Protein chains: 2
Amino acid sequence: MTTSTAEDEWREDCAPRRVLDLFATKWTSMILHTLDARHDGAARTGVLQRSLPGISKKMLTQTLRDMEASGFVSRHARGTIPPAVEYRLTPLGQRFVEPVELLYGWGRDNADALDQMGARPTARRRG
Amino acid sequence: MTTSTAEDEWREDCAPRRVLDLFATKWTSMILHTLDARHDGAARTGVLQRSLPGISKKMLTQTLRDMEASGFVSRHARGTIPPAVEYRLTPLGQRFVEPVELLYGWGRDNADALDQMGARPTARRRG
DNA sequence: CTGGATCCATTGGGATACTG
DNA sequence: CAGTATCCCAATGGATCCAG
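Criteria and cut-off values
Residues numbered from 1 in each chain as written. Chains lettered and ligands numbered in written order. Predicted model: local features only at pLDDT ≥ 70, side-chain atom pairs only at ≥ 80, totals over all residues. Heavy atoms only, no water. Helix = DSSP H or I, 4+ residues; strand = E, 2+ residues; numbered from the N terminus. Expected span 1.5 Å × (residues − 1). Bend = angle between axes of the 7 residues up to and from the residue. Near = heavy atom within 4 Å. Polar contact = N/O pair within 3.5 Å; in protein donor to acceptor, adjacent residues only side chain to side chain. Nonpolar A, V, L, I, M, F, W, Y, C, P; charged D, E, K, R; others polar. Pairing = 2+ DSSP bridges. Axes fitted to C-alpha atoms, helices over the stretch in contact; angles between N-to-C directions.

Draft legend 1. Here's a closer look at helix H5 (residues 91-109) of chain B. Here H5(B) spans 28 Å end to end across 19 residues, near enough to the 27 Å set by a 1.5 Å rise per residue. Where H5(B) bends most, at B:Glu98, the angle is about 25 degrees, and the proline B:Pro99 comes one to four residues later.

Put into structure tokens, the structure is as follows:
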């Protein structure tokens, strides 16, 4: 059985942890989902911001830039005035949406269990 | 198609976002995975710490406590000296491991794509 | 061996004002 | 409308020392 406790796969740079890093910036997956929810997998900045109550303009732009650099979305600017910028899921982004949606689906299916714990991070006690 | 852009499901307290919160404390899913990787879904503190290179004793205990409060693991202490504490996946924990493993699996399947982006959060530029 | 308590550096991320 | 630049706070989480 090779003692396959998977002791070897948890270095900082292993693939699974790289995926976790994608959730470190909390808006990443939600942006992907929002884009995915649109028929053409694309949306303009304003639409995204309105679809994600609570996100600040700063975090929206910043997250989008990071996602672009990571290859999850592509940016399409129309050189018009006023500006009209559209973000679109890349093939990689589309692939990643699948496990993300699965995760969200799990949440809906287990909403009651999630409700029983507070609204904190994991159950973070404050102070 | 009801224009199901899902504009309504993104309040702070919606189920999907509750799930995301589970990843806010970065060790949660890794602890779950480590427990799941063991034949009996249980492990002692020392084993967990050794299986998760980089985790500090503080974060290990703290995360475990939060996970216990959230109902993902159960704590079993033997009143011996020295202490022997064992953590075990609860049914809820076992259920949650599934989507988590799927996510990790995605990472392995797309390791090359993940490699192309830096090792930063999403692609965080420092400074 | 397990875990609690501090101290503290880092940084995610919000508010706001400004530029094209 | 889209994006940048500061300012600033809260909280993650590492290092240590202490206690059953």
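Alright, that's what it looks like, and here's the rest.
Draft legend 2. Representation of the protein's contact with DNA strand D. As a matter of local geometry, DNA strand D sits amid 22 residues, with A:Gly46, A:Arg75, A:Val85, A:Tyr87 and B:Lys58 nearest to it. The sugar and phosphate moieties of DNA strand D supply 63% of its atoms located within 4 Å of the protein. Contact distances for DNA strand D include 3.3 Å between a sugar or linking oxygen and a side-chain N or O atom of A:Arg44. Here a phosphate oxygen of DNA strand D sits 3.5 Å away from a polar atom, N or O, in the main chain of B:Lys26. For the surface near DNA strand D, the secondary-structure elements that each account for two or more residues are helix H3 (45-51), helix H4 (57-70) and strand S3 (84-89) of chain A together with helix H4 (57-70) of chain B. At 4 residues, H4(A) tops the list of elements feeding residues into the surface near DNA strand D. Here the residues of the surface near DNA strand D sort into 8 nonpolar, 5 polar and 9 charged.

Draft legend 3. Fine view of the sheet that holds strand S1 (residues 42-44) of chain A. All names here are of chain A. Strand order across the open sheet formed by 3 strands is S1-S3-S2, with antiparallel pairing between neighbours. The open sheet has two edge strands with one neighbour each: S1 and strand S2 (73-78). Across this sheet, the average inter-strand angle for adjacent strands is 25 degrees, counted without regard to direction. Pairing between S2 and S3: 6 bridges, direction antiparallel. For Arg 75, the partnering residue across the bridge sits in S3 and is Tyr 87.

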